[in-house]
Amino acid sequence: MPPVFGVLFDGVAYGMLLFLLSVGLSVTLGMMNFVNLAHCSFAMLGGYVTVTLMNFFGWPFFATLPAAFIAAAVVSIVLERAVFRRFYHASDLDQCLLTIGVVFVSIAAAAYIYGTDQQPVRLPDFLRGSIALAGLNFAAYRLFLITVALLITVLLVVALEMTRFGAQIRAAVNNQRMARGLGIDVDRAFAITFALGSGLAGLGGALAIAMVGLDPSFAFTYLIYVLIVVSVGGLGSIFGSFAAAILLGVSDIAGKYYVPAIGSFLIYLVMIGLIMARPRGLFGRRQA
Amino acid sequence: MTSATIAAPHDYLQTQTRWRWPEIGFWLATLSPFVLAPDYLLLASQVAIAALFVLSLDLILGFAGMVSLGHAAYFGVGAYTAGLVSKWGWGEPLTGLLIAGLVAGAFGYLTSFIIARFRHLPLIMITLGIGLLLQEAANSASWLTGGFDGLQGIHTWPIAGKFHFDLYGYTAYGYALAVLFLIFLGARRLTHSPFGLALRGIRDNGERMRAIGAPTRSHIRTIYTIAGMIAGIAGALLAQTTETVSLEVLGFQRSADVLVMLILGGVGRLYGGLLGAIVYMVARDQFSGLNPQYWYFWIGLLLIAVVLVLPNGLLGGLSLLARRLKAAS
Amino acid sequence: MQRLGCSLASCALILFGAGAAEAQDSVKIGLIMPYSGQFADTAAQMDNGIKLYMKQHGDTLGSAKVEFVRKDTGGIAPDIAKRLTQEAIVRDHADILGGFVLTPNALAAADVSAEAKKFMVVMNAATSIITTKSPYLTRTSLTTPQLNYTLGTWAAKNGIKKIYTMVSDYGPGIDAETWFQKGFKDDGGEIVGSVRFPVANPDFSAFVQRAKDTSPDAIYVWVPGGAQPAAVGKALAERAIDTAKTKVLGQDALTAESALKSMGDQALGIIMVANYDYNLDSPTNKAFVQAYNEDFHRNPDFFSVGGYDGMHLIDAALQKTGGKTDGDSLIAAAKGMAWESPRGPMSIDPQTRDVVQTVHIFKVEKVGGELRNVEIDKVPDVKDPGHMTN
C-alpha cells in the first residue's frame, strides 16, 4: 500500500481526538451561545483523573475512561449551576473573561497538585506498538482511538436523531425562543448538554495523554485547536465538528509528511481559507 | 430640520470633549512614579507600553465592535520593524517609531480588506489565524528576525542626542508616557468626532448604519489601519526601550493578555483600557513576586471576581458606583 | 584611662581594617528563572540544585552570608527578563546574577550585566553566542554544539555510516542539526536525509515514516523537553523501529526520566549524549544523588547540576577574591577555575569564559527491572566548538 494510506490513517486518528475534544463546545456554543473558553480545562481534568487513578490507585486504563468522563461531567454541572448560569445573557466579552479566569485557576491548580512535568501513562501492552498490514504499520492505539470515537459518534447521532431529548436539543439549537414557547425546558436541556459535552472533553483528555501528552498548559494549547475545529465545522453541528476535525487532522499530518517546510502553516491557512469561504462553518446552523 | 436639531449632535460632542478633573488628575498621577516610586520606573514604562497597546485594541473592539484574538500581529510588526531599523544602523528613536508605525499601519490596511468582511466568531478565528501564521513566518524567517533567540544588535540612540536610556528607566518611562499621552489625545479626539459616533453605530447595529448610507466597510478599514499603526508604535516602544525583540511579541499569549486587560478595565471608554493595563500588569508583577509558581491562580480569581462583581469591567463598575453615590446624595 | 582609650581605638582600627579587607559580609544573588509557566519544572530542578549546595555549605559562599532574590520571567520573555535583571540590580542591590534557563532571556539579561558590570552565571541556556554578549558572563551548563558535535563524531567513529536527521525547526534544534551533521560528516559519515518539524508538533509518526523510507543506519532526533520526547518514542514504536537495527540518537531531554516512563521498553537501545545523568557512576555523583533524593524526593537532572555547579563557581570565585563582589574581580577569578562536579571534571575556559567538561554518551538499558541511561563512552575536556569558528 502506498504511504498515503498510512498518512490518512494517522490523520484520521488525530482528527478523531480533536473531534472528541471539540464536539461538546460546538453543541453548547450553538445552543446557548455561551463562550466557554474553559472547555479544555475539563479535558485536562479528565486527563489528570486518568493519571491519578492509574498511577496512584493502580486502576486499569480502560476503567479510568468512564471515570474521566463522569468526573468532568460532574465538575461541569457544579460550575454551571454555581457560576456560568448567571452569564448566559451577559456579553460575549464578559463570558470570555470569566471562562479565561477559570482556565487560569485550573492551570495553577494542576501545576500545584501535579507539578508542571509531563504525566507518564503506561498503556496496556496490546495498545502499544503497531499492526503490520500490507506493508504499512498501523498503530494499535490509533485504531483504538478511531474505534472509540466512531462508537461515540454513532451514540451521539442516535441520541440526537432518535430520542425525544435529542429532538429537544435540536429544537433548542435551531430556535431557542420557539423551543421555549413550545414548553421545552431549555435550561434543563442545556445543563444536560453542557455536562455531556464537558464529559466528552474529559474523555478526550484522558485519551489524549497517550497521544500528545499531558501537562498543565494543555488547557490553553488545545483550546486553539478546538476553536479551529468548532469554527470551521460550524456551531451546533456534530457532523460539522466531525468533518472539520477529520479535515484538519488529515491536512495537518499530510502537510507535515509531504511538505514539512510549510507543515506548521498549513492548518492555519486551511482554517482561514475555509472560514473566509464559509463564515458559518461547513455545516453551521447558527450565526455566531 | 431646524438648526437646533442640527446643532444638537455638535453640542453633544462638545460637552463630551471637555476635560473633566478626574481625567486631569489621572494624567498628573502618571507622573508620580518619577517621584514616589523611582525603583519601579522600568515596570511603569512597560505598563505605559501595554496601555498604548490596549488603547489600540479598544479602538477596534470598544468602538467598532470587532473582537480580535490576533492583535499582537501589529504589535509584533512594529517591534520587529523598529528593531531591524536600529540593527541596520539607524538607532534614532523618534524616527524609528514613526517608521514602525507606518509599516504596522500599512499591514493593518492590507489585512483590513479581509477582516472588514467578517464579524463575531469568523472574525475571531481569522484574526487568530493571521496572528499564528505571522508568528510561524517570523520563526521561519530567522535570517531576518533572529528566530527563537530573538533579534540581536539593537541599540537605541539617546533621544534628541541628550536623553540616554539608563539602567533605572527614567528615560524609558518618560519616553513611553509622552508617546502614550500624545496618541491618547489623538484617540480621544477621534472617538469624540462624528467618525467616532459612526463607529459606535457600526458596533451597535451595522445593518442600520448601512441602511442610512454610512460606508461601514470603509470606516472599519480606516479604524483598523489606525489601530494597527498605534499597536505598531507600542511594539516599537518595547523594542526601543528594552532593546530586545523575540517571537513572543507576535504570540497568542500577548494577544490574549491585551484582550484580558481591555475587558478587565472596561471596553469602549479609552480610560478603561488604561486602567485595565495598569491593574493587570501591576497585579501580575506583585503576585509573581509573592509566589512565582502560582500567580496564575490569583490572577484567575481576580478576573472571575471582577466579572462577578463589576459588569463592564473595572471602569464600568466604578462609574456605576459613582452614579449610585450621586443618586443617593 | 589612656591605655583603655588606646586599646579601644586600636580595637576600632582592627574592626574597621577587617571591614575594609573583607569587602562585604553579605552577598545578594539575583536568580532570574521561569518559575511559572511551561518551563517551571526546569526552574524547580535548578533551584533545588542551588538549595542543596547552600545547605551543604551553611548558607555561606566565600565567607559571606548569602541572600537570594528570586524573580520569575514566566517563560520566554526577554523584555521581562531584562527588566527583572535591571530591577534586581537597581532595586534589590544584587551583586551577582544567576539562573537563566532560556536563551532569549539570557541574551537580554547579558546586556544588563555588561552595562552594570555585574558577574553573571548562566546555569542552563545553551546557545554559544550567549557568552559573547557580556565580558562578565560565564556558564556552568553546556552548549548545544559541544554535545552534538561530539555525538556526531562519535557516531561516525562507531560504525554508523548513513544517518537521517530530524530536529525541531527553531534556534536550538537548528543549532543541534548543524553541529551534529558537521561532526558526523567531518568523520566521514553520510547524511541521507533530513527534516525539520514544526515546534508545536505533537505527532511524529509522519516524520519517522519519512526517515524509515530512506533506510538509514541510524536516526538522529532533536526535540526540546516536555511532551515531545515521549511522543517521539511512541512514533518509533508505531513505525516499528528496532533500535538494534536502526540506532536512534538524541540529546539529553530525549531520554529524561519522565520520557522513559512514558516510552516504556520501546526506549531500549536509544543512544543519548548529555553532560550529566543521575546514573553516572562516580563517588561524587552518588553522594550528590543521595543528598538530592533525601531533600527533594526525586532524581537530579542536568538542570539541577547546572544550578549546583553555578553555586560552586560563585563560591570558589568569592573565596579567590576574598569577598569582593565587583564584576571585574569575580570574572577574573572565575576564568580558569576547575573542579570536580557530580558530572565529572569541569572548568571555565579563560578565553571564552565558557564551560569545558566531559561529554558522556549513554544508552538506555534495563537495570534491575527499570529503564536507565547507562554510560557507554565519554569524551573528556570538550570545549565549545561554536566559539572556535567565531
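Residues numbered from 1 in each chain as written. Chains lettered and ligands numbered in written order. Predicted model: local features only at pLDDT ≥ 70, side-chain atom pairs only at ≥ 80, totals over all residues. Heavy atoms only, no water.

Undergrad: Before we go on, may I ask you to explain the overall build of chain B in this structure?
TA: The helix and strand inventory of chain B stands at 16 helices and zero strands. Relative to the 2.2 N^0.38 estimate, which gives 20 Å for 329 residues, the radius of gyration of chain B is 20 Å and therefore close to what a compact globule would have. For the C-alpha atoms alone, the extent of chain B along its principal axes is close to 65 × 45 × 40 Å. Taking all 329 residues of chain B together, 58% fall into the buried category. (Helix = DSSP H or I, 4+ residues; strand = E, 2+ residues; numbered from the N terminus. Rg over C-alpha atoms; globule rule 2.2 N^0.38 Å. Buried < 20%, exposed > 50% of the residue type's maximum accessible area, 1.4 Å probe, protein only.)

Undergrad: Please explain the packing of aromatic side chains as it appears in this structure.
TA: Centre distance and the angle of the planes are the two values used to describe a pair of aromatic rings. On inspection of all chains with the given rule, the structure shows 49 aromatic pairs over all chains. Ring plane angle 85° and centroid distance 5.4 Å describe the contact between Phe-26 of chain B and Tyr-271 of chain B, whose orientation is recorded as edge-to-face. Here the residue Phe-26 of chain B occupies a position in helix 2 (residues 21–29), and Tyr-271 of chain B occupies one in helix 14 (residues 271–290), the gap between them amounting to 245 residues. Between Phe-288 of chain C and Tyr-308 of chain C, the aromatic rings sit 4.6 Å apart at their centres with planes inclined by 55°, giving tilted as the arrangement. Within this pair, whereas Phe-288 of chain C is found in helix 10 (residues 283–296), its partner Tyr-308 of chain C is found in helix 11 (residues 302–321), the two being separated by 20 residues in sequence. Residue Phe-288 of chain C shares its accessibility class with Tyr-308 of chain C, and that shared class is buried. Among the aromatic side chains, those forming a connected cluster through ring pairs are Phe-34, Phe-42, Phe-84, Tyr-88, Phe-190 and Phe-194 of chain A. Over the face of the ring belonging to Trp-19 of chain B we find Arg-188 of chain B, whose NZ or CZ atom lies 4.2 Å from the ring centre. The cationic tip of Arg-91 of chain C hangs over the ring face of Tyr-40 of chain B; the distance from NZ or CZ to the ring centre is 3.6 Å. (Phe/Tyr/Trp six-rings, centres within 6.5 Å; stacked < 30°, edge-to-face > 60°. Lys NZ or Arg CZ within 6 Å of the ring centre and 35° of its normal.)

Undergrad: Help me understand the environment of Val-69 of chain C, please; the structure alone is not making it clear to me.
TA: Here Val-69 of chain C lies in strand 3 (residues 64–72). Once the C-alpha coordinates of Val-69 of chain C and Leu-31 of chain C are considered, the two residues, 38 residues apart in sequence, prove to be 6.0 Å apart.

Undergrad: Would you explain a nonpolar patch on the surface in this entry?
TA: Residue and element names in this part refer to chain B. Judged by side-chain polarity, Trp-19, Ile-24, Leu-28, Leu-31, Phe-181, Leu-182 and Leu-185 come together as a nonpolar surface patch covering roughly 650 Å² of accessible area. Sorting the residues of the nonpolar patch by element identifies helix 2 and helix 9 (170–191) as the ones contributing at least two each. In terms of residue count, the dominant contributor to the nonpolar patch is helix 9 (three residues). Looking at where Leu-182 falls in the secondary structure, it is placed in helix 9. Overall, the relative accessible area of 59% leaves Leu-182 in the exposed class. (Patch = residues over 30% accessible without salt bridge, like charges linked within 9 Å, V, L, I, M, F, W, Y side chains within 5 Å. Areas by Shrake-Rupley, 256 points an atom, 1.4 Å probe, with all protein chains shown as cover. Salt bridge = Lys/Arg side-chain N within 4 Å of Asp/Glu carboxyl O.)

Undergrad: Help me understand the interface of chain A and chain B, please; the structure alone is not making it clear to me.
TA: As a measure of interface size, the accessible area lost when the parts come together is often cited. At the junction of the two partners, chain A supplies 33 residues and chain B supplies 36 residues. Here chain A and chain B share an interface that buries about 3,400 Å² over both sides, 86% of which is from carbon and sulfur atoms. For the chain A face of the interface with chain B, the top three residues by lost area are Leu-93, Leu-97 and Phe-104 of chain A, together amounting to 20%. Seen at the junction of chain A and chain B, the total is zero salt bridges. There are zero residue pairs in polar contact (both at pLDDT 80 or more) connecting chain A and chain B. (Contact = heavy atoms within 4.5 Å. Buried area = accessible area lost by both parts, 1.4 Å probe. Polar contact = N/O pair within 3.5 Å; in protein donor to acceptor, adjacent residues only side chain to side chain.)

Undergrad: Is there a simple way to explain the interface of chain B and chain C in this structure?
TA: On the side of chain C, 29 residues touch chain B, which itself brings 27 residues to the contact. Summed over both partners, the interface of chain B with chain C comes to about 2,700 Å²; 56% of that surface belongs to carbon and sulfur atoms. By the criterion of area lost to chain C, the three top residues of chain B are Phe-148, Asp-149 and Leu-167 of chain B, representing 27% of everything that side buries. Summed over the shared surface of chain B and chain C, the number is three salt bridges. The interface formed by chain B and chain C contains 13 residue pairs in polar contact (both at pLDDT 80 or more). Those elements that provide at least two residues to the side of chain B that touches chain C are helix 4 (41–63), helix 12 (216–242) and helix 14 of chain B. Here the residues of the side of chain B that touches chain C are counted per class, giving ten nonpolar, nine polar and eight charged. (Nonpolar A, V, L, I, M, F, W, Y, C, P; charged D, E, K, R; others polar.)

Undergrad: Could you clarify how one ought to interpret the pairing of strand 13 (residues 344–348) of chain C in this entry?
TA: All names here are of chain C. Of all five residues in strand 13, four are buried, a share of seventy percent or more. Strand direction decides the pairing type here: strand 12 (residues 338–341) and strand 13, joined by four bridges, are antiparallel. Opposite Ala-338, over in strand 13, you have Ser-347 as the bridge partner. Adjacent in sequence and paired antiparallel, strand 13 and strand 14 (residues 355–367) are bridged by six residues, among which Arg-353 carries a positive phi angle near 60°. (Pairing = 2+ DSSP bridges.)

Undergrad: Please explain the side chain of Ser-41 of chain A as it appears in this structure.
TA: Within the element layout of this structure, Ser-41 of chain A appears in helix 2 (residues 39–55). Among residues more than four places away in sequence, those in contact with Ser-41 of chain A are Val-103, Ser-106 and Ala-219 of chain A.

Undergrad: What should I look at first to understand unusual backbone geometry in this one?
TA: Negative phi values dominate among residues other than glycine, just as trans dominates among peptide bonds. One non-glycine residue, Lys-117 of chain C, adopts positive backbone phi at about 60°. One non-glycine residue, Arg-353 of chain C, lies in the positive phi region at around 60°.

Undergrad: Is there a simple way to think about the sheet that holds strand 2 (residues 60–61) of chain C in this case?
TA: By way of backbone hydrogen bonds, the strands of a sheet pair with one another, either parallel or antiparallel. Residues and elements named next belong to chain C. Spatial strand order, 2-3-1-4-5-6: six strands in an open sheet with mixed pairing. The open sheet has two edge strands, strand 2 and strand 6 (137–139), and neither has a second partner. For strand 1 (residues 26–33) and strand 4 (residues 96–99), the ladder comprises four bridges, and the chain directions are parallel. Bridge assignment links Ile-32 to a residue of strand 4, and that residue is Gly-99.

Undergrad: Just to check I follow, could you spell out the nonpolar core for this structure?
TA: As a rule of thumb, soluble globular proteins bury nonpolar side chains together. The biggest cluster of nonpolar side chains holds 216 residues, and the ones touching the most others in it are Phe-61, Tyr-141, Leu-207 and Phe-218 of chain A together with Leu-52 and Met-125 of chain B. The leading source of residues in this core is helix 4 of chain B, at 17 residues. (Core = buried A, V, L, I, M, F, W, Y, C linked by side-chain atoms within 4.5 Å.)

Undergrad: Just checking my understanding: could you explain the pairing of strand 15 (residues 370–382) of chain C for this structure?
TA: Put simply, side chains in a regular strand alternate between the two faces of the sheet. Residue and element names in this part refer to chain C. In this sheet, strand 15 lies alongside strand 14 in antiparallel orientation, the contact comprising ten bridges. For Val-367, the partnering residue across the bridge sits in strand 15 and is Glu-370. The antiparallel hairpin formed by strand 14 and strand 15 contains two residues in its connecting segment, where Gly-368 sits at a positive phi of about 60°.

Undergrad: Explain the environment of Thr-30 of chain B here, please?
TA: Residue and element names in this part refer to chain B. On the secondary structure map, Thr-30 appears in the loop between helix 2 and helix 3 (32–36). Along the chain, Thr-30 and Ala-48 lie 18 residues apart, while their C-alpha atoms are 9.3 Å from each other. Discounting chain neighbours no more than four positions away, the residues touching Thr-30 are Tyr-173 and Leu-177. A distance of 2.5 Å separates a polar atom in the side chain of Thr-30 from the backbone oxygen of Trp-27.

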